[in-house]
There are 2 protein chains.
Amino acid sequence: MSAERRKFKHEPPDRRKLDLIEAALSLIAEKGVKGATVRDISRRAEVTQGLIRHYFSSKEDLIVAAYRYHMTQMTEVTYTSASQIDGTATERLAAFVQASLTPPVVSPRAVALWASFLVQLQQDANVKTTHEQTYTEFRDHLEDLIGAALKEAGCSVSQGRLRYLATACNAVIDGLWLEGGALPHAFAAGELPDIGLQSIGSIIAIDLRQKVDQA
Amino acid sequence: MSAERRKFKHEPPDRRKLDLIEAALSLIAEKGVKGATVRDISRRAEVTQGLIRHYFSSKEDLIVAAYRYHMTQMTEVTYTSASQIDGTATERLAAFVQASLTPPVVSPRAVALWASFLVQLQQDANVKTTHEQTYTEFRDHLEDLIGAALKEAGCSVSQGRLRYLATACNAVIDGLWLEGGALPHAFAAGELPDIGLQSIGSIIAIDLRQKVDQA
DNA sequence: CCAATAATTATACGAATGTATAATTAAAAT
DNA sequence: ATTTTAATTATACATTCGTATAATTATTGG
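Residues numbered from 1 in each chain as written. Chains lettered and ligands numbered in written order. Predicted model: local features only at pLDDT ≥ 70, side-chain atom pairs only at ≥ 80, totals over all residues. Heavy atoms only, no water.

Asker: Tell me about the packing of helix α4 (residues 59–83) of chain B against helix α6 (residues 108–121) of chain B, and please be specific about residues and values.
Answerer: When two helices pack together, you describe them by how their axes are tilted relative to each other and by the distance separating the axes. Residues and elements named next belong to chain B. Their axes nearest at 12 Å, the elements α4 and α6 cross at an angle of 135°. Put simply, α4 runs oblique to α6. Crossing of α4 against α6: the hand is left-handed. Along the contact surface, α4 presents Ile-63, Ala-66, Tyr-67, His-70 and Met-74, while α6 presents Ala-110, Leu-113, Phe-117 and Leu-121. In terms of residue class, the contact of α4 with α6 is built from eight nonpolar, one polar and no charged. (Axes fitted to C-alpha atoms, helices over the stretch in contact; angles between N-to-C directions. Helix = DSSP H or I, 4+ residues; strand = E, 2+ residues; numbered from the N terminus. Parallel < 35°, antiparallel > 145°, perpendicular 65-115°, else oblique. Left-handed = near helix turned anticlockwise from the far one by under 90°. Contact = heavy atoms within 4.5 Å. Nonpolar A, V, L, I, M, F, W, Y, C, P; charged D, E, K, R; others polar.)

Asker: Requested: an account of the domain arrangement of chain A, with residues and values cited.
Answerer: Residues and elements named next belong to chain A. Looking at chain A, the domain boundaries give domain 1 (11–56) and domain 2 (70–211). Computed over C-alpha atoms only, the centres of domain 1 and domain 2 are separated by 30 Å. Counting residues at the interface gives six residues for domain 1, matched by seven residues for domain 2. Looking at the side of domain 1 facing domain 2, the largest losses of area belong to Leu-25, Ala-29 and Val-33, adding up to 67% of the total buried there. At the junction of domain 1 and domain 2, the tally comes to zero salt bridges. One can count one residue pair in polar contact (both at pLDDT 80 or more) joining domain 1 with domain 2. Split into classes, the residues belonging to the side of domain 1 that touches domain 2 amount to four nonpolar, two polar and no charged. (Domains from an automatic or database assignment. Buried area = accessible area lost by both parts, 1.4 Å probe. Salt bridge = Lys/Arg side-chain N within 4 Å of Asp/Glu carboxyl O. Polar contact = N/O pair within 3.5 Å; in protein donor to acceptor, adjacent residues only side chain to side chain.)

Asker: I'd love a proper account of the pattern of salt bridges, names of residues and values included.
Answerer: All names here are of chain A. Scanning all chains against the criterion turns up twelve salt bridges over all chains. Arg-163 serves as the salt-bridge partner of Glu-143, at 2.8 Å between the closest nitrogen and oxygen. With Glu-143 in helix α7 (residues 125–152) and Arg-163 in helix α8 (residues 159–182), this residue pair connects regions lying 20 residues apart in the sequence. Judged by relative accessible area, which is 10%, Glu-143 ranks as buried. Its relative accessible area of 33% is what places Arg-163 among the partly exposed residues. Within this structure, Lys-31, Asp-40 and Arg-43 form a network of salt bridges that share partners. (Buried < 20%, exposed > 50% of the residue type's maximum accessible area, 1.4 Å probe, protein only.)

Asker: Describe the packing of aromatic side chains, naming the residues involved and giving the relevant values.
Answerer: For the structure shown, the criterion picks out nine aromatic pairs over all chains. Residues Tyr-67 of chain A and Phe-117 of chain A carry aromatic rings whose centres are separated by 4.9 Å and whose planes lie at 65° to one another, so their mutual orientation is edge-to-face. Taken together, the residues Tyr-67 of chain A in helix α4 (residues 59–83) and Phe-117 of chain A in helix α6 (residues 108–121) connect sequence positions 50 residues apart. Its relative accessible area of 3% is what places Phe-117 of chain A among the buried residues. Ring geometry for Phe-96 of chain B against Phe-138 of chain B: centres 5.1 Å apart, planes inclined by 40°, an arrangement best described as tilted. On the criterion of sequence distance, the pair formed by Phe-96 of chain B in helix α5 (residues 89–100) and Phe-138 of chain B in helix α7 (residues 125–152) is long-range, its members being 42 residues apart. (Phe/Tyr/Trp six-rings, centres within 6.5 Å; stacked < 30°, edge-to-face > 60°.)

Asker: So, the interface of chain A and chain B: which residues are in play, and what are the values?
Answerer: At the interface, 39 residues of chain A touch 39 residues of chain B. Looking only at chain A, the three residues that lose the most surface to chain B are Tyr-164, Glu-179 and Leu-183 of chain A, adding up to 16% of its buried area. Run the count over chain A and chain B and you get zero salt bridges. Between the two partners, chain A and chain B, sit seven residue pairs in polar contact (both at pLDDT 80 or more).

Asker: Could you give an account of the nonpolar core, with specific residues and numbers?
Answerer: The biggest cluster of nonpolar side chains holds 144 residues, and the ones touching the most others in it are Ile-204 of chain A together with Ile-204 of chain B. Leaving out residues up to four positions away in the same chain, Ile-204 of chain B has contacts with Leu-93, Ile-146, Leu-150, Leu-165 and Cys-169 of chain B. (Core = buried A, V, L, I, M, F, W, Y, C linked by side-chain atoms within 4.5 Å.)

Asker: Before we move on, can you summarise the relation of the copies chain A and chain B with the specific residues and values?
Answerer: If you rotate chain A by 180° and push it 0.0 Å along the axis, it lands on chain B with an RMSD of 0.1 Å. The transformation relating the two chain copies, once decomposed into turn and shift, fits a two-fold axis. Proximity to the rotation axis, assessed at the C-alpha, singles out Gly-175 of chain A in chain A; its C-alpha lies 1.8 Å from the axis. By residue overlap, the copies meet face to face through one surface: 100% of the interface positions of chain A are interface positions in chain B. (Least-squares fit on C-alpha atoms with pLDDT ≥ 70 in both.)

Asker: Tell me about the protein's contact with DNA strand D, and name the residues and values.
Answerer: If you check the shell around DNA strand D, you find 27 residues, and the closest are Arg-53 and Lys-59 of chain A together with Arg-5, Arg-16 and Tyr-55 of chain B. Those atoms of DNA strand D that come within 4 Å of the protein belong to sugar or phosphate at a rate of 70%. Between a phosphate oxygen of DNA strand D and a main-chain N or O atom of Val-38 of chain A, the distance comes to 2.9 Å. Between a phosphate oxygen of DNA strand D and a side-chain N or O atom of Arg-16 of chain B, the distance comes to 2.4 Å. Among the secondary structure elements, those contributing two or more residues to the surface near DNA strand D are α2 (38–44) of chain A together with α3 (50–55) of chain B. Tallying contributions element by element places α3 of chain B first for the surface near DNA strand D, with four residues. Among the residues making up the surface near DNA strand D, the classes are represented as six nonpolar, nine polar and twelve charged. (Near = heavy atom within 4 Å.)

Structure, rendered in structure tokens:
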């Protein structure tokens with residue numbers, strides 16, 4: 001007897017692409033880019049491996065698409081959190097910090113994905129520029145928020161000084177993000193944004209902690 | 001004609017092991033753990049691949065040895081830098097921060113290795129505990145240094161508050177370390193330790209920047 | 001109901017990988 | 001010198017990987 005052929009349903013191309021991208025991301029977070037094989041990915045997406053090549057010209061093509069998708073998701077969470085606050089500049093800065101130090105931005109998955117992509121990034125110049133753009137964009141955004149908060153507080157600083165402060169605050173966020181994702185059980189709920197707000201507040205000499213419960 | 005057999009020299013086992021570990025580390029930094037094949041590693045160490053299995057029971061065995069070796073190297077650099085300072089507690093803290101934010105601790109290689117091992121770490125419980133020990137050890141060390149510096153400054157804080165400050169300062173170091181290694185051209189020479197000392201100084205309310213040129 | 005289309009499965013293939021084992025050679029011991 | 005030992009090379013093997021291509025099936029339009 002011949003094994004019966006597997007039943008399947010047609011799905012809209014965008015839907016299938018997204019399924020494949022999400023399956024890829026979850027596996028990349030678990031096992032790295034090389035460890036996430038096309039067979040693994042197709043199995044998790046509940047399709048056969050041939051379908052990947054139908055939607056993506058190669059594995060690398062899928063990886064790059066997954067990277068872009070993930071990055072867009074992460075930045076959207078933080079950026080919209082700040083812009084939706086209809087209050088003072090200090091409140092928007094606090095909301096931005098808060099969102100950057102809360103799930104889903106802070107999570108083992110996000111850190112694992114970052115690490116996995118960094119490895120690949122060194123070999124793919126295409127992904128590398130996207131990465132650097134994302135970083136610069138994030139810091140520029142933070143710089144604008146800090147600048148507005150300082151101006152609001154009547155504190156005038158030079159452009160160089162502002163860049164300096166943004167870099168330092170960015171480092172605090174990155175460091176806490178890293179630790180929160182790499183050692184999730186080492187922090188109580190709410191501890192991470194609390195430390196972040198207080199530390200950044202110390203660095204720019206503005207109290208941010210009371211500004212956070214406005215949303 | 002038969003191809004002539006390759007000439008070779010006997011080397012002390014420890015020497016060969018170290019060669020293999022260093023070849024492995026350089027390749028892991030470039031291509032990740034999975035990307036660093038035993039053939040690659042043996043080629044870079046200028047031996048044939050069979051030799052790896054003569055010194056290590058498996059590839060994973062070599063990877064774990066390389067990880068331990070690397071971690072020991074990194075922590076030694078920072079710990080000795082602080083303990084060798086024969087001055088005030090504040091100076092020792094400043095030296096510790098300085099060393100943590102200077103090559104070879106801050107380097108693309110170190111960040112790449114960290115990312116590469118993190119991916120593997122999620123699957124190997126053995127490596128995972130080593131990782132968590134290293135982190136806890138580092139933060140405890142920093143906590144002691146901060147505690148001593150605060151005491152020296154006549155500032156008394158609770159144990160919980162001290163832990164809180166250590167976590168925040170650790171985050172600053174981690175974040176700057178990350179950015180300095182991931183985007184080396186984004187920072188001028190000496191900028192990273194400068195930002196670190198100033199930011200940590202702001203957080204614990206002690207000026208560290210004048211304390212660094214004593215060595 | 002039938003033809004056309006493309007979405008999906010199924011199978012195959014060469015290259016690369018980790019591992020295992022046998023063959024050789026350099027160095028040390030006697 | 002000769003034997004012994006272990007360090008090193010060489011070769012082989014099963015498996016897995018990405019990719020390519022052919023075969024089928026669901027869906028749509030007439």
